[in-house]
Amino acid sequence: MRSNIFVVMGVSGCGKSTVGVQLAAALGLEFLEGDTLHSAANVARMAAGVALSDADRAGWLQTLAERIGAARLAGTGLVLSCSALKRAYRDILRQGAPDLHLLYLHGDHDLLAARMAARTGHYMPASLLVSQLATLEVPEPEENAQIFDVASPPEAIVAAAVARWSSAGE
């Protein structure tokens, strides 16, 4: 059986939540906003403009991997939004489902910064974009990643992701 576990990844402002919600709806899967599982301390750090360390992220990533594993075990599938900036972070997520699918959303700095500046009610300040871009490790070919430019409309990204996943099961 092919995996129906998806991680929509990328830096802040790339549209992970928007694409994730639409992908989950298109595939009839649960959507989980990974940011909602950050500790209060992590949220406070980010809101203050402090980039998280690997140690800060460790418990959060393990919690996400457990949620992925539970969905895989139950056979229910899952679409998770998570920055997953480093290969090591994605490897932790794969502990829950080694065959998970990555959708890597990328865009140029100016577009991402404009998106971050335009959104309201989010704790992540635009000042952390440079740090996230510096930390980002682009997924390697063996990581089962689909790569999308966020200059494309979310609907087009979702349609392409669904088409690829559907054709892979034939």
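Residues numbered from 1 in each chain as written. Predicted model: local features only at pLDDT ≥ 70, side-chain atom pairs only at ≥ 80, totals over all residues. Heavy atoms only, no water.

**Some remarks on the overall build of the chain**
Right, so step 1: Counting secondary structure elements, the chain contains seven helices and five strands.
Right, so step 2: The linear arrangement of helices and strands in the chain, starting from the amino end, is β-α-β-α-α-β-α-β-α-α-β-α.
Right, so step 3: Carbon and sulfur atoms form 57% of the exposed surface of the chain, whose accessible area is close to 7,800 Å². (Helix = DSSP H or I, 4+ residues; strand = E, 2+ residues; numbered from the N terminus. Areas by Shrake-Rupley, 256 points an atom, 1.4 Å probe, with all protein chains shown as cover.)

**Quick word on the packing of aromatic side chains**
Right, so step 1: Scanning the entire structure with this criterion turns up one aromatic pair.
Right, so step 2: Seen from their ring centres, Phe6 and Trp165 are 5.8 Å apart, and the 65 degrees between their planes marks the pair as edge-to-face. Of this pair, Phe6 sits in strand S1 (residues 5–9) while Trp165 sits in helix H7 (residues 154–168); the two residues are 159 residues apart in sequence, bridging distant segments of the chain. Here Phe6 and Trp165 have matching classes, each one buried. (Phe/Tyr/Trp six-rings, centres within 6.5 Å; stacked < 30°, edge-to-face > 60°. Buried < 20%, exposed > 50% of the residue type's maximum accessible area, 1.4 Å probe, protein only.)

**Re the side chain of Gln146**
Right, so step 1: By the element assignment, Gln146 lies in strand S5 (residues 145–149).
Right, so step 2: For Gln146, a relative accessible area of 7% translates into the label buried.
Right, so step 3: If near-sequence neighbours (up to four positions away) are discounted, Gln146 is found in contact with Leu102, Leu103, Tyr104, Ala160, Ala161 and Arg164. (Contact = heavy atoms within 4.5 Å.)

**Here's the deal with the nonpolar core**
Right, so step 1: The biggest cluster of nonpolar side chains holds 43 residues, and the ones touching the most others in it are Val7, Leu23, Ile68, Cys82 and Leu93.
Right, so step 2: Contributing elements (two or more residues each) for this core: S1, helix H1 (16–27), helix H3 (54–74), strand S3 (78–81), helix H4 (87–94), strand S4 (101–106), S5 and H7.
Right, so step 3: Apart from residues no more than four positions distant in its own chain, Val7 is found in contact with Ile68, Leu80, Cys82, Leu93, Leu100, His101, Leu102 and Leu103. (Core = buried A, V, L, I, M, F, W, Y, C linked by side-chain atoms within 4.5 Å.)

**Description of the environment of Ile68**
Right, so step 1: Turning to its location among the elements, Ile68 is positioned in helix H3.
Right, so step 2: With a relative accessible area of 0%, Ile68 lands in the buried category.
Right, so step 3: A C-alpha to C-alpha distance of 9.7 Å links Ile68 and Leu32, two positions 36 residues apart in sequence.
Right, so step 4: Apart from the residues lying within four places of it in its own chain, the contact partners of Ile68 are Ile5, Val7, Leu78, Leu80, Leu93, Gly96, Ala97 and Leu100.

**Let's talk about the pattern of salt bridges**
Oppositely charged side chains can pair when the atoms bearing their charge come close.
Right, so step 1: With the rule as written, the count across this model stands at 10 salt bridges.
Right, so step 2: Linking Glu143 and Arg90 is a salt bridge whose minimum nitrogen-to-oxygen distance equals 2.8 Å. Residue Glu143 is found in the loop between helix H6 (129–135) and S5, and its partner Arg90 is found in helix H4; the two are separated by 53 residues along the sequence.
Right, so step 3: Relative accessible area serves as the criterion here: at 2%, Glu143 is assigned to the buried category. (Salt bridge = Lys/Arg side-chain N within 4 Å of Asp/Glu carboxyl O.)

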